[in-house]
Amino acid sequence: MSVFRILPFFVWRIMKNYIKKNWYFIIIAAITLTELITFLFMGKAGTYVGIHDNLDIHITDYKLLRDNHAFFSHGKTIPLLGGIDRNFLLSEFYLYSLLHAALPTFAAYIAGHFIKIFIALFSGILLAKDILQGSYKKYEWAVALCSFIYGILPLYPAFSFSFASIPLLIWLIRRIESQRKPVYFVLLFLYPTLSYFTFFGPFILGYVFIYFIYRWVSTKKFSLPLLSSVFILTVSYVLIEYRLFFIIFGSDQATIRDTMVIENSSFFEIISCIGDVFVNNMFHCDDLHRFFVLPVVAIAFLLINICHIKRKEYRSLITDPFNLVLILILFNCIIYGLYNSYFVRTLFETIVPPLKGWQFNRTLFFNPFLWYLEIFIVAKKLIDIKKSAIAGGIALLTLISVLGTQSLYNDFFNTAYVNIWKLVKHQDSETLSYGEFFSEDLFEKVKKEIGYKGEYSVAYGFHPAVLSYNSIATLDGCLSYYYQSYKDSFRKVIAPSLNESREAREYYDEWGARAYIFSGSIESIWSPERTKNVEDKRLLIDTKAMKDLGGKYIFSRIEISNAAEIKASLVGKYESNESPYTIWVYEI
């Protein structure tokens, strides 16, 4: 028989064995490669990225830091909200920040998407190997798939590394407790570069300290390494977030956090809130568990605990890892609901006055990890009773449920869906792509034609982040933490619209993180959409107050009907074939 006839047979046998042994990594690689090719091929113009609390805040903030060479600067004023101290923006020591310092903004955003997938996959495997030890290979496919699924969850992009690295933190704590090698203490000290203090830091410190107390009580041994871990993490978070702590403790000026009004719910409203986040989570951490994971967990809960009761294993009703994780999920939901209790919140703010206005209900951000940990536990139990096919089916259906469900931050799904929709419908979607949202070419053209030289401006009919991204200084903007004095000053600019709209007045006065130009009759006039047709074309602002803050230009997506009345003169109307915007520029 010819060697040329035998060779394909052996190649096929080798490939078949390789695929059989590594099918799960092949699936992971295929999906990752498909996403990468999609984003690279579509580019800015065809990539559809979640805008709310993403492009309109954090990504623009990083662009501002980059354009103003301010990542590592001190005493520098950023042209946002009339000029704010650089210290109000994110620390330069987060890995995500360093990514934006090193790469152009869009490239950094896409790179961040794939890095968080790697972090989740790598740290999930690392933790599983540490826990499962010699039996790891038996469950490797389930570990890899569940870790990958956790990595592709459409969670808050700017802090996606914080979510993805939770298994890595647990691995480090376990290693410090069991081996106490200096290298693990060093890695723990560096861990907060992946995390984010305001969203995760205090809760991580709290959970590690609780674990220290638990181990002390259960083993009757005082674990100095665990207590040291709390200290190391605290020091690291403070050093990384030194800018934030300087503002909190080094300034006596009031911030908008001091005047934010938080809803006080009744007992039944709190119970309803707890139930809602148990099922739906919240949009910053929309883990999509409600579609497939929740039903699987509910069925598993019944089957697992019925078996424990039948066997009279009553202690296992508490100690079973599946039940313990579910208790943690429920605990985080309860804390989220109690945040709306006036009594609980007031007690917290009395005990810790500097943290007034701080959202201690963000323990909910740990639930995405816990929900998908439950899927792994279910898969492991099925593998143990030789039901690997069912376990594999659950894992693959979980993967499909995540990949194939629309949500705010599911950028791959949104990119594929909108582009396919456009091909089928032969028309543009109302949804704006990354490139269309920022429309860089259009604003470069506008700046050149009006002779823009850094004057402060405002946006009407679109997010002021679009101006900031395009290096136009703004009096308006979105920031969750800035001085109350500027909020009061900017309020004078928008007072006419607030006087007409109760919704806008409450939105600004009781929160104020979005210091925007409001409409007197149209809610969320800045909504990012392709078509901007409105009946009320009045601009309700006090131009004198705007001038007092140093403002000169109004960039509007709406041709202002009362321009003469507010003493705003039209500079020009600007359009571009590549942009969905028509921009009217007025000077006051």
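See the structure shown above.
Please read all numbers here as calculations on a predicted model, not as lab measurements.

A. Region of interest: the packing of aromatic side chains. Scanning the entire structure with this criterion turns up 59 aromatic pairs. Judged by centre distance (5.5 Å) and plane angle (65 degrees), the ring pair of Y94 and Y196 falls under edge-to-face. Here Y196 lies in the loop between α9 (182-190) and α10 (201-219) and Y94 lies in the loop between β2 (84-85) and α4 (95-102), a separation of 102 residues in the sequence. With respect to class, Y94 is no different from Y196; both count as buried. With centroids separated by 6.2 Å and ring planes inclined at 65 degrees, the aromatic side chains of Y553 and F555 adopt a geometry described as edge-to-face. In this pair, the class of Y553 matches that of F555, namely buried.

B. Spotlight on the pairing of strand β6 (residues 551-556). Burial of β6 is extensive: five of the six residues sit out of reach of the surface. Looking at chain direction, strand β3 (residues 456-460) and β6 are connected through five bridges and run parallel. Within the sheet, the bridge partner assigned to V458 lies in β6 and is I554. Sheet topology places β6 next to strand β8 (residues 582-587); four bridges connect them, and they run antiparallel. Across the sheet, S556 pairs through a bridge with W584, a residue of β8.

C. How the structure looks around the packing of helix α8 (residues 166-178) against α9. The geometry of α8 relative to α9 is characterised by a closest axis approach of 9 Å and an angle of 150 degrees between their N-to-C directions. Classified by the angle between their axes, α8 and α9 sit roughly antiparallel to one another. The hand of the α8/α9 crossing is left-handed. On α9, the residues that touch L169, W171, L172, I173, R175 and I176 of α8 are Y184, F185, L187 and L188. Residue composition of the contact of α8 with α9, grouped by class: nine nonpolar, no polar and one charged.

The rules we used
Residues numbered from 1 in each chain as written. Predicted model: local features only at pLDDT ≥ 70, side-chain atom pairs only at ≥ 80, totals over all residues. Heavy atoms only, no water. Phe/Tyr/Trp six-rings, centres within 6.5 Å; stacked < 30°, edge-to-face > 60°. Helix = DSSP H or I, 4+ residues; strand = E, 2+ residues; numbered from the N terminus. Buried < 20%, exposed > 50% of the residue type's maximum accessible area, 1.4 Å probe, protein only. Pairing = 2+ DSSP bridges. Axes fitted to C-alpha atoms, helices over the stretch in contact; angles between N-to-C directions. Parallel < 35°, antiparallel > 145°, perpendicular 65-115°, else oblique. Left-handed = near helix turned anticlockwise from the far one by under 90°. Contact = heavy atoms within 4.5 Å. Nonpolar A, V, L, I, M, F, W, Y, C, P; charged D, E, K, R; others polar.

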